[in-house]
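Here are the chains, one letter per residue:
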Amino acid sequence: MIFKGSHILSTDQFERADVERIFEVAAEMRPYAQRKRITRVLSGAILGNMFFEPSTRTRISFGCAFNLLGGEVRETTEVKASSLAKGESLHDTARVLSGYSDIIVMRHPEVGSVAEFAEASRVPVINGGDGPNEHPSQALLDLYTVKQEMSARGRDIDGLRIALIGDLKNGRAVHSLCKLLGLFSGVQFKLVSPPQLEAPMAIVSELLGKGHKVEVCHELEEGIHHVDILYVTRTQEERFESQEEADQYRGLFRVNQSIYTEHCEPNTVIMHPLPRDSRSAAKELDDDLNQNPNLAIFRQTDNGVLVRMALFALILDVAEEVHNHAQPVTWYTAKRKPNLP
Ligand code: CP
């Protein structure tokens, strides 16, 4: 694909070579993300960071990524703090905000809302999550993490064995990640969920059509044997008609250290798009795994900054210019412990 000036709305847009290009640029962003160097390549540019649903890491990491490239960030954090609450349409909102920004990231609860917004926008728009549909930048950072974790084990993404666990019906990160993994070859998927929360048939059919192996499981223990990656997700309670309906699924599948030790191969990587639901009745990914060196969840969040910097650099066509604007860091920088074992 041509990145310059493009919207990023769905992982369907990408070919394997596009993903590899994003990862190549993401790797070059590491010294800036780690505060070893600064760059002002986007000095003067403005990101409109429009989040009409709750978010911690997507909103903040997109904002940090833009700041780390030297740009400024303006943001809205909920519908009621914007004029959408007064009945303004997405069309009008897009026409207005695209006059104030060079690029926009948007999250919204409705499927297709970001695409509708992008249609009216005069600047590129990145989908930060549209309801239960897609979350492309999350899938890119997840796949970047998969690549790194597998590489540390002398393996590649081709031939990966992955169990995706939890609410696979409503989990937009799962939908986008499955589509990206579909670009590689010989991936073995185990889709582990309650029967009512299975992954959409369209995604399963697409993976089968590309020659991947897909096994649907309704039991956690059966699903987590013989895989390289556990990708655990929370029940997306905000997508259910009622809290009572969501409550039926709370705590059904819980991965903890004893389940991991008993059923997983040694060194199985543990991932989660986060937030994990740490309330006692849920705990789909128990905090007794926090000292497990194979827990990659905070390596994922660190990688989110790199991948989002890469998207901005490619879309705004400065990927080749970043290092020309580099300077040393002059302030005290904390020696952050790496999110490694
Ligand atoms: N993974 C993710 O989208 O997290 P936030 O909802 O905190 O942005």
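Each chain has its residues counted from 1, running along the sequence as written. This being a predicted model, a pLDDT of at least 70 is required before a residue's local features are given, and a value of 80 or more before pairs of side-chain atoms are given or counted; all residues contribute to the totals for chains, interfaces and linings. Processing note: side-chain calculations cover all non-hydrogen atoms of the structure and skip hydrogens and water entirely.

**Considerations on the pattern of salt bridges**
This is how it is decided: Only one rule defines a salt bridge in this text: a Lys or Arg side-chain nitrogen within 4 Å of an Asp or Glu carboxyl oxygen. Secondary structure elements are taken from DSSP: a helix is a run of H or I of four residues or more, a strand is a run of E of two residues or more, and numbering for both begins at the N terminus. Relative accessibility thresholds used throughout: buried, under 20% of the residue-type maximum; exposed, over 50%; partly exposed, between the two (1.4 Å probe, protein chains only).
In the structure shown here, the tally under the stated rule is 23 salt bridges. Put simply, D317 and K4 hold a salt bridge, and the shortest N to O gap is 3.7 Å. Linking D317 in the loop between α12 (297-315) and β11 (326-328) with K4 in the segment before α1 (16-28), this pair joins segments that are 313 residues apart in sequence. Looking at D317, the relative accessible area reads 45%, which means it is partly exposed. Residue K4 is classed as exposed on the basis of its relative accessible area, which comes to 57%. Residue E238 is joined to R234 by a salt bridge in which the shortest nitrogen-to-oxygen separation is 2.8 Å. The class for E238 is partly exposed, based on a relative accessible area of 45%.

**Some words on the site of the ligand**
To be explicit about the condition: Think of it this way: one heavy atom of a residue within 4 Å of a molecule or strand is enough to make that residue near it. Under this definition, polar contacts are N or O atom pairs within 3.5 Å; protein pairs additionally need one hydrogen-donor-capable and one acceptor-capable atom, and for neighbouring residues in sequence, both atoms have to be side-chain atoms. Only the protein chains shown count as cover for residues, and the accessible areas themselves come from Shrake-Rupley with a 1.4 Å probe. An automatic or database domain assignment provides the domain bounds reported here.
Within the structure, the ligand sits among S55, T56, R57, T58, R107, H135, Q138, P273, L274 and P275. Note that an oxygen atom of the ligand is positioned 2.9 Å from one of the side-chain N or O atoms of H135. With respect to the ligand, the backbone of L274 contributes an N or O atom lying 2.8 Å from a nitrogen atom. When isolated, the ligand has an accessible area of 250 Å², and the protein chains bury 91% of it. Summarising the domain contributions, the shell around the ligand has at least three residues from each of domain 1 (11-134 + 304-328) and domain 2 (136-298).

**Structural notes on the sheet that holds strand β4 (residues 103-108)**
The pairing of strands in a sheet happens through backbone hydrogen bonds and is either parallel or antiparallel. This is how the line gets drawn: Strand pairing follows a simple DSSP-based rule, namely that at least 2 bridges must link the two strands. Only C-alpha atoms enter the line fits that serve as axes; for helices the fit covers just the stretch in contact. Angles between N-to-C directions range over 0 to 180 degrees.
The four strands are arranged β3-β2-β4-β5 in an open sheet whose pairing can be described as parallel. Every interior strand has two partners, whereas the edge strands, β3 (72-76) and β5 (125-130), have only one. Averaged over all adjacent pairs, the angle separating strand axes in this sheet is 15°, with direction ignored. With four bridges connecting them, β4 and β5 associate as parallel partners. The residue of β5 that forms the bridge with I104 is V125.

**A look at helix α3 (residues 57-68)**
Rules: Expected span of a helix, by definition, is 1.5 Å for each gap between consecutive residues, and there is one gap fewer than residues.
Its 12 residues place the ends of α3 15 Å apart at the C-alpha level, agreeing with the 16 Å of an ideal helix rising 1.5 Å per residue. Restricting attention to buried positions, one finds in α3 the residues T58, R59, S61, F62, G63, A65, F66 and L68. Residue G70 follows α3 closely and has a positive phi angle near 100°.

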